[in-house]
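# Working through the structure, step by step
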Amino acid sequence: MLGVWDQGCYSRKITPQAGNQVGEAFWRMLLAEHGLDDAGMYKGNDPQQIARAGVYFTQVDSSGPTKYVPRSVQVDLESGVCNRLRSGPLGQLFRPDTYFTSDSGAGNNWAKGYYTEGAELIDGILDIVRRQSEATEALQGFQIIHSLGGGTGAGLGLLLLSKLREEYPDRMLSTFSILPAPNVSETVVEPYNSLLSVHQLVDNCDLTICIDNEALYDIAVRTLKIKSPGYKDLNQLIAKVMCGVSTSLRFPGQLNGDLRKLGMNLVPFPRLHFLMPSFAPFYDPKARTFQRLSVPELTSSLFDKKNLLVASDPRFGRYLTAACIFRGKVSSHEAEVWCSYYEIALLTLVQNSVMQLQRKNSNLFVEWIPDNVSVSLCSVPPVGQPQAAVALANSTCMQELFKRNLDQFALMFKRRAFLHWYTGEGMDVMEFTEAESNTQDLISEYQQNSWLIMHPQYQEATVEEEEADVEGEQ
């Protein structure tokens, strides 16, 4: 799903089949948070719900009540999922001309989505994007929801991303990218598709929020106690994170900001823009009545491996930066400890909780980026929960995901297995070599930062040497 947003407007587009299914869960949750029904009509009773609804919706004032229409584009090389959206409960929500489908399919082939089938359709997709973009007041950027394991989300999704970078070079491009996991694999060529996608994401995206199915299954089974989780259950988890990340765009609050500000605080180096999302609290629905977390407990949960939506361990890396977004209200007793003014008290409490966590785990945070954990606060809680929090972290442990993918890629590529399906669509074998090399460079950059963090004296020496070289040249 792709999005287009401005200071008050944000548009989104669903790209692959998986992206459409995640997008449906996301829009359902968004409707509930803004007090809208399935047709986009306002049924709420809180002015805050629609005060900034224009971030994701366009207001259509017809003869009847105001209708809120998602600023989105639904794209798929197979029509099945989009047809189900059209005929389902949300069929009256989306504009009919924002669906773009084909009957050819990508057959889980990245080359079909990027070169052949996708290339034939991309101009038509861009026309819809332009119309949606022109409807905004101050276009801020785009957001795509896609899977990296298949052909449409990976191939066509990355082709779309590269075209958006060409046409809108000064706008923010962000993605929610679902990475394949070896324990939850559906297609044998997933390592090819995902590595080719990472190769493109490194250069054409500003923020990539990574999610993998292995972590989602672990949360669903171990924490939520779902014996056999389906895609609907997993999509709900992703939708919670997506709604949490966009909270500061959609509702007023303390220290709120837009996605550009978020990127500025989270990405210290342009290539290292791959982020780990986490959410708290996750709990068994049967235990809901027994849940009431304090702010320190929420903060600690955000940095717990069990609450991450990627299968990597933060203990084997270092946090470069992080952003925490808290929603809802804590008990008044906690607030009174700090100050009599509630909002100032709550903000102070949250900031102190984050600082305490950093002090206790100082070995997990870099020292050369001061105040590298930012905090946002919103008094509007998620639907069905009194309070929650979401975090985006830029950690060097993200290299685990890329190493895992690279190892699987290398096993097949050195035997040239399945390559004929890709070269038959016009791809050159050199593109695989370039993708492999680019991913190796990305892993090396993460390792270099991890090494400098563990040996800061060498970093200082390097800076002194560079300054001496500059003086020598002068």
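Computed from a prediction, not measured in an experiment: that's the story for all the values here. (Residues numbered from 1 in each chain as written. Predicted model: local features only at pLDDT ≥ 70, side-chain atom pairs only at ≥ 80, totals over all residues. Heavy atoms only, no water.)

## Points about the overall build of the chain
To keep things clear, this is the line we draw: Going along the chain from the N terminus, every DSSP run of H or I of four or more residues is numbered as a helix, and every run of E of two or more is numbered as a strand. We call two residues in contact whenever any of their non-hydrogen atoms come within 4.5 Å of each other. Here the open area of atoms and residues is found with the Shrake-Rupley method and a 1.4 Å probe, where only the protein chains shown may cover a residue.
Counting its secondary structure elements, the chain contains 17 helices and 13 strands. Residue pairs in contact within the chain that sit at least 24 positions apart in sequence constitute 80% of those at least 6 positions apart. Accessible surface, the chain as shown: approximately 20200 Å² in total, 51% of it carbon and sulfur.

## Comments concerning helix α6 (residues 190-204)
Selection criterion: Helix span, as expected, comes to 1.5 Å for every residue beyond the first. To sort residues, take the accessible area from a 1.4 Å probe on protein chains only and compare it with the maximum for the residue type: under 20% means buried, over 50% means exposed, and anything in between is partly exposed.
For α6, which comprises 15 residues, the first-to-last C-alpha distance of 21 Å matches the rise-based estimate of 21 Å (1.5 Å per residue) to within 8%. Summarising burial for α6: 14 of the 15 residues are buried, a large majority.

## Looking at the pairing of strand β11 (residues 319-328)
Going by this rule: Two strands are said to pair when DSSP picks up at least two bridges between them.
Counted residue by residue, β11 has 10 buried out of 10 residues, so it is predominantly covered. The pairing of β11 with strand β13 (residues 387-395) spans nine bridges and is antiparallel. Considered in β13, the bridge of Phe326 is made with Ala389.

## Topic: the packing of aromatic side chains
Here is the rule: Whether two aromatic rings pair depends on their centres lying within 6.5 Å, for rings of Phe, Tyr and Trp, where Trp uses its six-membered ring; planes under 30 degrees apart make the pair stacked, over 60 edge-to-face, and the rest tilted. The criterion is that NZ of a Lys, or CZ of an Arg, lies within 6 Å of the ring centre and within 35 degrees of the ring normal, and then a charge sits over that ring.
Taken as a whole, this structure holds 24 aromatic pairs when the rule is applied. Taking the centre distance of 6.3 Å and the plane angle of 80 degrees together, the rings of Phe94 and Tyr99 count as edge-to-face. Considered together, Phe94 and Tyr99 belong to a single accessibility category, that of buried residues. Each ring, one from Trp110 and one from Tyr115, has its centre 6.3 Å from the other, and the planes form 70 degrees; the classification is edge-to-face. Among the residues examined, Tyr115 registers a relative accessible area of 29% and is labelled partly exposed. Over the ring of Tyr99 we find Arg86, and its NZ or CZ is 4.4 Å from the ring centre. Arg416 extends its terminal NZ or CZ atom over the ring of Phe413, reaching a point 4.3 Å from the ring centre.

## Let's talk about the environment of Leu77
Within the secondary structure, Leu77 is located in the loop between β5 (72-76) and α3 (80-87). Residue classification places Leu77 among the buried positions, given a relative accessible area of 0%. Along the backbone, Leu77 and Gly151 are 74 residues apart, and their C-alpha atoms lie at a distance of 8.9 Å. Beyond its immediate sequence surroundings of up to four residues, Leu77 is in contact with Ser102, Asp103, Ser104, Gly105, Ala106, Gly113, Glu117, Leu121, Thr152 and Leu156.

## Things to note about the nonpolar core
Let me state the cut-off plainly: Among buried residues, those of type Ala, Val, Leu, Ile, Met, Phe, Trp, Tyr and Cys that are joined through side-chain atoms within 4.5 Å constitute a nonpolar core.
Leu164, Tyr192, Phe274, Phe326, Tyr422 and Phe432 are the most contacted members of the largest nonpolar core, which has 81 residues in total. Sorting elements by how many residues they give to this core places helix α4 (residues 110-134) first, with nine residues. Counting 52 residues, the second-largest nonpolar core is a separate cluster that includes Leu30, Leu85, Ile178 and Ile325.

## A short note on the side chain of Ser301
Among the structural elements, Ser301 can be located in helix α11 (residues 295-302). Residue classification places Ser301 among the buried positions, given a relative accessible area of 19%. Among all residues touching Ser301, those that are not within four sequence positions of it are Ala280 and Asn307.

## Here's the deal with the confidence of the model for the chain
As a reminder, the rule being used: Note: pLDDT gives the predictor's confidence per residue, expressed from 0 to 100.
Per-residue confidence for the chain averages 84 on the pLDDT scale, and 84% of its residues sit at or above 70. This stretch, residues 6-15, has a pLDDT under 50; its non-local contacts, to residues over four places away or in other chains, come to 81 contacts. Within the model, pLDDT remains below 50 along residues 331-342, and this stretch shows 14 contacts once partners closer than five positions in the same chain are excluded.

## Concerning α3
How we decide: The arc refers to the directions leading from the helix axis to the C-beta atoms.
If you check which residues of α3 are buried, you get Val81, Cys82 and Leu85. End-on, the buried residues of α3 take up no more than an arc of 95 degrees, which puts them together on one face.

## A look at the environment of Trp110
Rule in force here: Side-chain atoms alone can form a polar contact between residues adjacent in sequence; in general such a contact is a pair of N or O atoms within 3.5 Å, and within protein one must be able to donate a hydrogen while the other accepts it.
Its location among the elements puts Trp110 in helix α4. Look at Trp110 and you get buried, because its relative accessible area is 1%. Along the sequence, Trp110 and Val189 sit 79 residues apart, while their C-alpha atoms lie 9.2 Å from each other. Those residues in contact with Trp110 that lie beyond four places of it in its chain are Tyr115, Gly151, Ala154, Gly155, Asn193, Leu196, Ser197, Gln200, Tyr422 and Met427. There is a polar contact of 3.4 Å between the side chain of Trp110 and the backbone oxygen of Ala154. At 3.3 Å, the side chain of Trp110 and the side chain of Ser197 are in polar contact.

## Things to note about the packing of α4 against helix α5 (residues 152-167)
Just so we agree on the cut-off: Structural elements are reduced to axes, namely lines fitted to C-alpha atoms, with helices fitted over the stretch in contact, and the angle between N-to-C directions of any two is expressed from 0 to 180 degrees. By the definition adopted for this analysis, an angle is roughly parallel if under 35 degrees, roughly antiparallel if over 145, roughly perpendicular if from 65 to 115, and oblique otherwise. Left-handed describes a crossing whose near helix is turned anticlockwise from the far helix through less than a right angle; right-handed describes the clockwise counterpart.
Between α4 and α5, whose axes approach to 8 Å, the crossing angle comes to 45 degrees. With respect to their mutual orientation, α4 and α5 come out oblique. Between α4 and α5 the crossing geometry is right-handed. Along the contact surface, α4 presents Trp110, Gly113, Tyr114, Gly118, Ala119, Ile122, Ile125, Leu126, Val129 and Arg130, while α5 presents Ala154, Gly155, Leu156, Leu158, Leu159, Leu160, Ser162, Lys163, Leu164 and Glu167.

## Comments concerning the environment of Pro370
Relative to the helices and strands, Pro370 resides in the loop between α13 (342-360) and β12 (373-378). Residue class for Pro370 comes out exposed when judged on its relative accessible area of 64%. When the C-alpha positions of Pro370 and Thr321 are compared, they lie 9.5 Å apart, and in sequence the two are 49 residues distant.

## Here we look at the pattern of salt bridges
The condition is simple: For salt bridges, the criterion is a side-chain nitrogen of Lys or Arg within 4 Å of an Asp or Glu carboxyl oxygen.
Applying the stated criterion across every chain yields a total of 15 salt bridges. Residues Arg130 and Glu167 are paired through a salt bridge, measuring 2.5 Å at the closest nitrogen-oxygen approach. Here Glu167 lies in helix α5 and Arg130 lies in helix α4, a separation of 37 residues in the sequence. The exposure class assigned to Arg130 is partly exposed, which follows from its relative accessible area of 27%.

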